[in-house]
Amino acid sequence: MPELPEVETIRRDLTERILNKKIVQLDILLKKTVKNDSNNFRQELLGDRFTRVDRVGKLLIFELKKSNRFLLIHLKMTGQLVYCFGKKVIAGGHSDEVGVECLPNRHTRVVFGFSDKGKLYFNDMRTFGYVKLVNAQDLEIVKAKFGIEPMDKGFDLSFLKSLIKNRKTNIKAVLLNQNLIAGIGNIYVDEILFASHVLPTRGVNRLSDQELKLIVKHSKVILKKAIDNRGTTFNNYVDASGRKGNFIKFLKVYGRKGQKCKRCDGVVEKMKVAGRGTHYCAKCQK
DNA sequence: CCTTGTGTTCTCCG
DNA sequence: CCGGAGAACACAAG
């Protein structure tokens, strides 16, 4: 379940490994993963080079040198982008648990091969993820749909207040809404609200400035700490080296249903909020 | 049955 | 009846 910290980790890793290397191989193992015509897609990428890897929310954007188009990659729930050198996954890979020791594997959908023998595998068990070439104009349309990056300076109390003005929904739905705030998913939203002592079901029109301030602060602190720890591997996320993220050891509520609260003597409960499984402590979140 | 990110569709309300 | 908000559904596979 890659969210902002996981996608950012992949972006940084790939930036160090694939930039300015000629694309010499392109295998499409599952056509529906590629949202362009397969032949055009191959033809356009072969011989070109990635000059930059960007991220907006959970979406990766690869800038091309020759083509005036951009490659978008969305991992959705089970997508992985694993970079290998030769046949070996570099920097090791917890292969016993995430199954990337043998590539391509049964979940590999697209393979990018570079002139230095490096290979980038797009694996996706549930096949919700996609790769797509778009032109500059379409890229701007896509970008415009995303809300503010929560780690940006501009995301502060007054900005959050402007987002929730006249809204009637709960705070969890707002934090998950990519059109309002980009990159927070189901794991980090529960962690942010726990850290802020705020119940996910709270209506946004009833939150105090103090509570909103805490939500802004903990959004930044938790996402940063998660990036510093290379993200969270709960089910099958791996970084671009096939390694798992380390943030799971810092999770305080997500996935802890029935366990003792880490902050008080309550017990972590689980309910459905905004259509998602939601973890919280009813005793110390208000 | 459950899990989730996002786009689409439905429904409600003023 | 329109627009917008928010909820519900669709998608997939283990």
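So, how was this worked out
- Residues numbered from 1 in each chain as written.
- Chains lettered and ligands numbered in written order.
- Predicted model: local features only at pLDDT ≥ 70, side-chain atom pairs only at ≥ 80, totals over all residues.
- Heavy atoms only, no water.
- Helix = DSSP H or I, 4+ residues; strand = E, 2+ residues; numbered from the N terminus.
- Buried < 20%, exposed > 50% of the residue type's maximum accessible area, 1.4 Å probe, protein only.
- Contact = heavy atoms within 4.5 Å.
- Pairing = 2+ DSSP bridges.
- Axes fitted to C-alpha atoms, helices over the stretch in contact; angles between N-to-C directions.
- Near = heavy atom within 4 Å.
- Polar contact = N/O pair within 3.5 Å; in protein donor to acceptor, adjacent residues only side chain to side chain.
- Nonpolar A, V, L, I, M, F, W, Y, C, P; charged D, E, K, R; others polar.
- Core = buried A, V, L, I, M, F, W, Y, C linked by side-chain atoms within 4.5 Å.
- Parallel < 35°, antiparallel > 145°, perpendicular 65-115°, else oblique.
- Left-handed = near helix turned anticlockwise from the far one by under 90°.

Caption draft 1: Looking closely at the side chain of Ser38. Looking at where Ser38 falls in the secondary structure, it is placed in helix H2 (residues 38-45). Of the residues examined, Ser38 reaches a relative accessible area of 13% and is grouped as buried. Apart from residues lying up to four places away in sequence, Ser38 is in contact with Ile28 and Lys31.

Caption draft 2: Spatial organisation of the sheet that holds strand S4 (residues 69-74). The strand order across the open sheet built from 4 strands is S2-S3-S4-S9, with neighbouring strands paired in antiparallel fashion. Two strands lie at the open edges of the sheet, namely strand S2 (50-56) and strand S9 (130-135), each paired on one side alone. When strand polarity is set aside, the average angle formed by the axes of neighbouring strands in this sheet is 25°. Pairing analysis gives 6 bridges linking S2 to strand S3 (residues 59-64), with the strands arranged antiparallel. Across the sheet, the residue bridging to Arg55 is Leu60, located in S3. Helix-sheet contacts for H2 involve S2, S3, S4 and S9, and the interaxial angle to S9 is about 70°.

Caption draft 3: The arrangement of the protein's contact with DNA strand B in detail. In the vicinity of DNA strand B, 15 residues are found, and the nearest of them are His74, Met77, Arg126, Asn186 and Arg276. Among the atoms of DNA strand B close to the protein, meaning within 4 Å, 49% are from sugar or phosphate groups. Contact distances for DNA strand B include 3.5 Å between a phosphate oxygen and a backbone N or O atom of Gly277. Among the elements of the structure, strand S10 (268-273) and strand S11 (276-281) are those that each provide at least two residues to the surface near DNA strand B. Of the residues assigned to the surface near DNA strand B, the class counts are 4 nonpolar, 4 polar and 7 charged.

Caption draft 4: Region of the structure containing the protein's contact with DNA strand C. By nearness alone, every residue bordering DNA strand C is listed as Lys32, Met77, Met125, Arg126, Thr127, Phe128, Arg167, Lys168 and Thr169. For DNA strand C, the backbone makes up 61% of the atoms found within 4 Å of the protein, where backbone means sugar plus phosphate. Here a phosphate oxygen of DNA strand C and a backbone polar atom of Thr169 are 3.3 Å apart.

Caption draft 5: Region of interest: the nonpolar core. By size, the foremost hydrophobic cluster in this structure holds 32 residues, and its most contacted members are Leu160, Ile171, Leu175, Ile181, Tyr188 and Ile215. At the level of elements, helix H5 (157-164), helix H6 (171-176), helix H7 (186-195) and helix H8 (209-228) are the ones that each hand at least two residues to this core. Among the elements that make up this core, the one with the highest residue count is H8 (7 residues). The residues touching Ile215, leaving out its near neighbours within four places in the chain, are Leu160, Ile171, Leu175, Ile192, Leu193, Ser196, Val198 and Leu207. Listed in part, the 28 residues of the second largest apolar core include Phe41, Val53, Leu64 and Phe112.

Caption draft 6: Inspection of the packing of helix H1 (residues 4-17) against H8 at higher detail. Interaxial distance between H1 and H8 falls to 9 Å at its minimum, and their mutual angle equals 40°. Judged by the angle between their axes, H1 and H8 are oblique. Between H1 and H8 lies a crossing whose hand is right-handed. Counting all contacts with H1, which are made through Leu4, Pro5, Glu8, Thr9 and Arg12, the residues of H8 involved are Leu223, Ala226 and Ile227. Residue composition of the contact of H1 with H8, grouped by class: 5 nonpolar, 1 polar and 2 charged.

Caption draft 7: Here's a closer look at the pairing of S11. Where S10 meets S11, 6 bridges bridge the pair, whose relative direction is antiparallel. Considered in S11, the bridge of Lys272 is made with Gly277. Counted along the chain from S10 to the antiparallel partner S11, the turn is 2 residues long, and its residue Ala274 has a positive phi close to 55°.

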